[in-house]
Amino acid sequence: MVAKIDNKMAKQQDRIPRHEYRHCRLCHKRGNDSELIQPCDCMTGSNYVHAQCLVEHMLSTDRIHCEQCKSQYRGIKYRYTRKSLIEWLWKEPTARNSLLSCISLLCSSQVCLYSLWQTLFTDELDEFLDDITDIDLSLCIDAIKHNMSIVMLIQVKIVLPIVSIVCSIKQPMTVWNEYRKYSQNHYNIYIEDEAITAIT
Ligand SMILES: [Zn+2]
Ligand SMILES: [Zn+2]
């Protein structure tokens, strides 16, 4: 009896086409071969999607590459262009913050550069050298205070301007690298598949 039931179930399963078991990995609904496409090279789990689901996913994320296998989506017609710097700034709040800090550093570095130039390349240099070489080696409180003021003077006149200038050089490079990373993963996507465009 058990064998008979098993045979019956096996026959029923044989009658169900294999593609009936496929699911769209985006909306998780079942679909048949005519509805589902394989958009990338993913080998694990379901690699089938509805073309319409793929379009919605691409347009909402601005991505043309699978986040898991990194291959470019296929199966539908589309063209794409890279996001410009302006589009990056417009869409990403973190990009605007990076640019603002970049501008802020550039402004402060101009002041620092002027201060450093004044210290090193004008008559102030002799006065500055006199001040910082006037170290008091006695161990009294006044001597410690005096020496601390020399350390502060070196920090304000030399260390701080140099650090600020270096940061202001590095920050634009950081912002540019952030944009490049973004532009490699985000695109303006134009769907050219007429069947899908008609649905949307
Ligand atoms: Zn779907
Ligand atoms: Zn993939």
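Residues numbered from 1 in each chain as written. Chains lettered and ligands numbered in written order. Predicted model: local features only at pLDDT ≥ 70, side-chain atom pairs only at ≥ 80, totals over all residues.

**Here's the deal with the overall build of the chain**
Part 1 of the reasoning: The number of helices and strands found in the chain is seven helices and four strands.
Part 2 of the reasoning: In sequence order, the secondary structure elements of the chain are arranged as α-β-β-α-β-α-α-α-α-β-α.
Part 3 of the reasoning: Residue burial in the chain is summarised as follows: out of 200 residues, 10% are buried. (Helix = DSSP H or I, 4+ residues; strand = E, 2+ residues; numbered from the N terminus. Buried ≥ 20, exposed ≤ 12 C-beta atoms within 10 Å, placed from the backbone.)

**So, helix α6 (residues 141–183)**
Part 1 of the reasoning: Counted at 1.5 Å a residue, the expected span for α6 with its 43 residues is 63 Å, and the 59 Å between its end C-alpha atoms agrees.
Part 2 of the reasoning: Residue Q155 marks the point of greatest curvature in α6, where the axis turns by about 40 degrees.
Part 3 of the reasoning: Buried within α6 are the following residues: P161, S164, S168, V175 and Y179.
Part 4 of the reasoning: Buried positions along α6 lie against α3 (85–91) and α4 (93–121). (Expected span 1.5 Å × (residues − 1). Bend = angle between axes of the 7 residues up to and from the residue. Contact = placed C-beta atoms within 7 Å.)

**Details of unusual backbone geometry**
Part 1 of the reasoning: The residue D62 is not glycine, and still its phi comes out positive at about 60 degrees.
Part 2 of the reasoning: Position of D62 relative to the elements: it lies in the loop between α2 (51–61) and β3 (78–82).
Part 3 of the reasoning: What makes D62 partly exposed here is the crowd of 16 C-beta atoms within 10 Å.
Part 4 of the reasoning: The backbone phi angle of K70 is positive, close to 70 degrees, even though this residue is not glycine.
Part 5 of the reasoning: In this structure, K70 sits in the loop between α2 and β3.

All we've got here are geometric facts, nothing functional implied.
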